[in-house]
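Geometric and topological summary
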Amino acid sequence: MHHSSCQSCRRTATESLLRYRKGDGVVRNQSLLQCDICERYACAECLQVYDILSGYDFLCHECARTFGTPPPGSRGH
């Protein structure tokens, strides 16, 4: 399913909002990326690419703050 607006901030996906940060680099994508934990589609202002397990782990900022202690089997916020 293609999402055209961020499920965190509700902004429409534009070219600049599809440039995700990964450390000092940038990962460009054609559509919004999905958080690996809560499964919301988020723009580059609300999600970052991390190198935790696979090198391309996608976490929204809310989940990134709580990573390490997520309740087992929980989804969403």
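**Describing the overall build of the protein chain**
Across its full length, the protein chain holds one helix and six strands. Split into buried and exposed, the 77 residues of the protein chain put 32% on the buried side. Taking the intrachain contacts of the protein chain between residues at least 6 apart in sequence as the baseline, contacts between residues at least 24 apart amount to 42%. Here the protein chain has roughly 5100 Å² of accessible surface; of this, 47% comes from carbon and sulfur atoms.

**Observations regarding the state of the cysteines**
Summed over the entire model, instances satisfying the criterion amount to zero disulfides. Left unpaired, Cys60 is separated from the closest cysteine sulfur, that of Cys63, by 3.7 Å. Take Cys60: its relative accessible area is 1%, and that puts it in the buried class.

**Thoughts on the environment of Cys38**
Assignment of secondary structure puts Cys38 in the loop between β3 (33–34) and β4 (41–42). Taking relative accessible area as the criterion, Cys38 reaches 8% and is therefore assigned buried. Placed 21 residues apart in sequence, Cys38 and Leu59 show a C-alpha to C-alpha distance of 8.4 Å.

**Here's the deal with the pattern of salt bridges**
Taken as a whole, this structure holds two salt bridges when the rule is applied. In this structure, Arg40 engages Glu62 in a salt bridge whose closest nitrogen and oxygen atoms are separated by 3.3 Å. Of the two residues, Arg40 sits in the loop between β3 and β4 while Glu62 sits in helix α1 (residues 61–66), which places them 22 residues apart along the sequence. A residue is classified by how much of its surface remains accessible, and Glu62, at 33% relative accessible area, is partly exposed.

**A word on the environment of Arg28**
Residue position: Arg28 is located in strand β2 (residues 25–28). Between the C-alpha atoms of Arg28 and Ser16, which are 12 residues apart in sequence, the distance is 9.1 Å. With near-sequence residues (within four places) excluded, Arg28 lies in contact with Leu18 and Arg19.

Procedures and definitions
Residues numbered from 1 in each chain as written. Predicted model: local features only at pLDDT ≥ 70, side-chain atom pairs only at ≥ 80, totals over all residues. Heavy atoms only, no water. Helix = DSSP H or I, 4+ residues; strand = E, 2+ residues; numbered from the N terminus. Buried < 20%, exposed > 50% of the residue type's maximum accessible area, 1.4 Å probe, protein only. Contact = heavy atoms within 4.5 Å. Areas by Shrake-Rupley, 256 points an atom, 1.4 Å probe, with all protein chains shown as cover. Disulfide = S-S within 2.5 Å. Salt bridge = Lys/Arg side-chain N within 4 Å of Asp/Glu carboxyl O.

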